[in-house]
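# Structural overview
Here are the chains, one letter per residue:
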Amino acid sequence: MKNLDVPKDNKDKKLNVNITINGVAVEGVLRIPHNPRGIVLFAHGSGSGSGRHSPRNNFVATVLRRARIASLLFDLLTEEEDLIYENRFDIELLTKRLMLATKWARKLPELKHLKFGYFGASTGAAAALKAATRIGSDIRAVVSRGGRPDLAMDEIKKVKSPTLLI
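Residues numbered from 1 in each chain as written. Predicted model: local features only at pLDDT ≥ 70, side-chain atom pairs only at ≥ 80, totals over all residues. Heavy atoms only, no water.

Time to look at the pairing of strand β1 (residues 13–21). Relative to strand β2 (residues 24–32), β1 runs antiparallel, the two being bridged by 9 bridges. Residue pairing for β2: Val 17 is matched across the bridge by Gly 28. Taken together, β1 and the strand that follows it, β2, pair antiparallel across an intervening segment of 2 residues, in which Asn 22 is found at a positive phi of about 50°. (Pairing = 2+ DSSP bridges. Helix = DSSP H or I, 4+ residues; strand = E, 2+ residues; numbered from the N terminus.)

Structure, rendered in structure tokens:
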């Protein structure tokens, strides 16, 4: 990917991105403030009011950017996949997508040096907890807002990252 040319004028760089994960393209919005000190990947639950357009998660991302923390809000499922209700609870699929999106973001020159964190909502919270367990110390924090950590009970004891369940 080409250099993102993060502006030096204290304005955010906003990019609509397509992240190809195992042949499936998921959409997202990457925002990078001037001189970022970290990045949070948002793992959204699926369905109505979720995804990269979630007003609640966009609000949280705005507050984080004021603190010079970049954000990647993206959809864990495509629109077609989201129509199948069972996919919304396929925590293994959601976890793999979050892990591969993390790997994608880690390759970007403007992001690779940053500390990474996860913000999960709904079933995305379970995916964030499982991904943090599997990736390990590279994920510096996990926050779950109105999430379903109960769907990650088989791995939750292995989470090493500081975790906040709201």
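Let us keep going from here.
Right, let's talk about the pairing of strand β5 (residues 115–121) for a bit. Taken across its 7 residues, β5 has 6 buried, putting it largely inside the fold. Pairing of β5 with strand β6 (residues 139–145), which is carried by 6 bridges, proceeds in the parallel orientation. By the bridge assignment, Ala 121 is partnered in β6 with Arg 145. (Buried < 20%, exposed > 50% of the residue type's maximum accessible area, 1.4 Å probe, protein only.)

The next thing to look at is the environment of Arg 145. Looking at the element boundaries, Arg 145 is found in strand β6. Since its relative accessible area comes to 21%, Arg 145 is described here as partly exposed. When the C-alpha positions of Arg 145 and Ala 101 are compared, they lie 20 Å apart, and in sequence the two are 44 residues distant. Those residues within four positions of Arg 145 in sequence are excluded, and the remaining contacts are Ser 54, Arg 56, Asn 57, Phe 119, Gly 120, Ala 121, Ser 122 and Ile 166. (Contact = heavy atoms within 4.5 Å.)

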